[in-house]
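Coordinate analysis (summary)
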Amino acid sequence: MRDQLKTQLQILGVCAITLWSIQLLNWITDGFLIQFGIQPRTLVGLRGILFAPFLHGNFRHLLANTAPFLVLGGLVMVRRIMDFFSVSLIVMVVGGLGTWLIGGQNTVHIGASGLVFGYLGYLLFRGYFERSWPAITLSVFVAIVYGSMLFGLLPTMPHISWEGHLFGFIGGGMAAKWLTAKPKSAG
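All values reported here derive from a predicted model rather than from experimental measurement. Per-chain numbering applies: the sequence of each chain, read as written, is numbered from 1 onward. Totals for whole chains, interfaces and linings use all residues, but because this is a predicted model, local features are given only for residues with pLDDT of at least 70 and pairs of side-chain atoms are given and counted only at 80 or more. Side-chain metrics in this entry use all non-hydrogen atoms of the structure; hydrogen atoms and water are not considered.

What to know about the side chain of R126
Here is the rule we go by: Runs of H or I in DSSP of at least four residues are treated as helices and runs of E of at least two as strands, each being numbered from the N terminus. Any two residues whose heavy atoms approach within 4.5 Å at even a single point are treated as in contact.
Considering the arrangement of structural elements, one finds R126 in helix α5 (residues 113–130). Apart from the residues within four sequence positions on either side, R126 is in contact with R79, R131, A135, L138, S139, A176 and T180.

What follows is the structure, given as structure tokens:
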């Protein structure tokens, strides 16, 4: 148990250091890296599916994403460390493609919030798909603590990628369906 927790903390630590290092480089280069975000319906914009979660407009943007990324990302790893990598990949692809398909013309979508909303979706739906008491308890806990984030799925704030939030959340729900253990049938 202690070794697993140590590994989880190391993974999250490396992720946080990577995000902050990339933001420092972006700041030093006066925002040069932003061009690698998701640019909807452009061929070059597809590269953003891979790069957008690592890019942020400024340090405040990154700071807003760091804490929920670490907490929800850590909760994704509670059952298996590999879930973190699988969920992240599914969310990046589903969230990125969805954003690329419906994002506004001449926009660039960046930030780890798509991953954060993906982790939220995964954790909320995992209890439903797995139907075990630990998974349901975790889903209820996440709903109570982070449920207000669901308002971020709506297009209410300018310059906030609700598309990234929405499709990240959908990707998290899909990951929950695909990755959770099937409920045991009675009988």
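Description of helix α7 (residues 162–179)
What counts is decided by this rule: One less than the number of residues in a helix, times 1.5 Å, gives the span that helix is expected to have. Exposure is judged per residue with a 1.4 Å probe applied to protein chains only, and the accessible area is read against the type maximum: over 50% gives exposed, under 20% gives buried, and values in between give partly exposed.
In this model α7 runs 25 Å from its N-terminal to its C-terminal C-alpha over 18 residues, within 8% of the 26 Å that 1.5 Å per residue would give. Among the residues of α7, those classed as buried are E163, G164, H165, F167, G168, F169, G171, G172, G173, A175 and A176. On the buried face of α7, the contacting elements are α4 (81–102) and α5.

Focus on the layout of surface pockets
How we decide: Site definitions follow a grid-based scheme: protein atoms alone, a 1 Å grid, a 1.4 Å probe that fits but cannot get out for cavities, and for pockets an open set with protein on both sides within 12 Å along at least five of seven lines, plus lining residues having an atom within 4 Å of a point. Grid points are joined across faces, edges and corners, and a volume is the space filled by probe spheres set on the points. Charged residues are taken to be Asp, Glu, Lys and Arg, nonpolar residues to be Ala, Val, Leu, Ile, Met, Phe, Trp, Tyr, Cys and Pro, and polar residues to be all remaining types, Gly included.
One number sums up the size of the largest pocket: a volume of about 670 Å³. As for the largest pocket, its lining consists of 24 residues, and the residues nearest its centre are H61, H159, I160, S161 and H165. For the lining of the largest pocket, the per-class residue count stands at 10 nonpolar, 12 polar and two charged. Quantified by volume, the second largest pocket comes out at close to 260 Å³. Lining the second largest pocket are 16 residues, with C15, F54, F84, S88 and M92 positioned closest to its centre. Among the secondary structure elements, those contributing two or more residues to the lining of the second largest pocket are α1 (2–28), α4 and α5. Looking at the lining of the second largest pocket residue by residue, the classes come out as 14 nonpolar, two polar and no charged.

Such coordinate-based values are descriptive only and should not be taken to indicate function.
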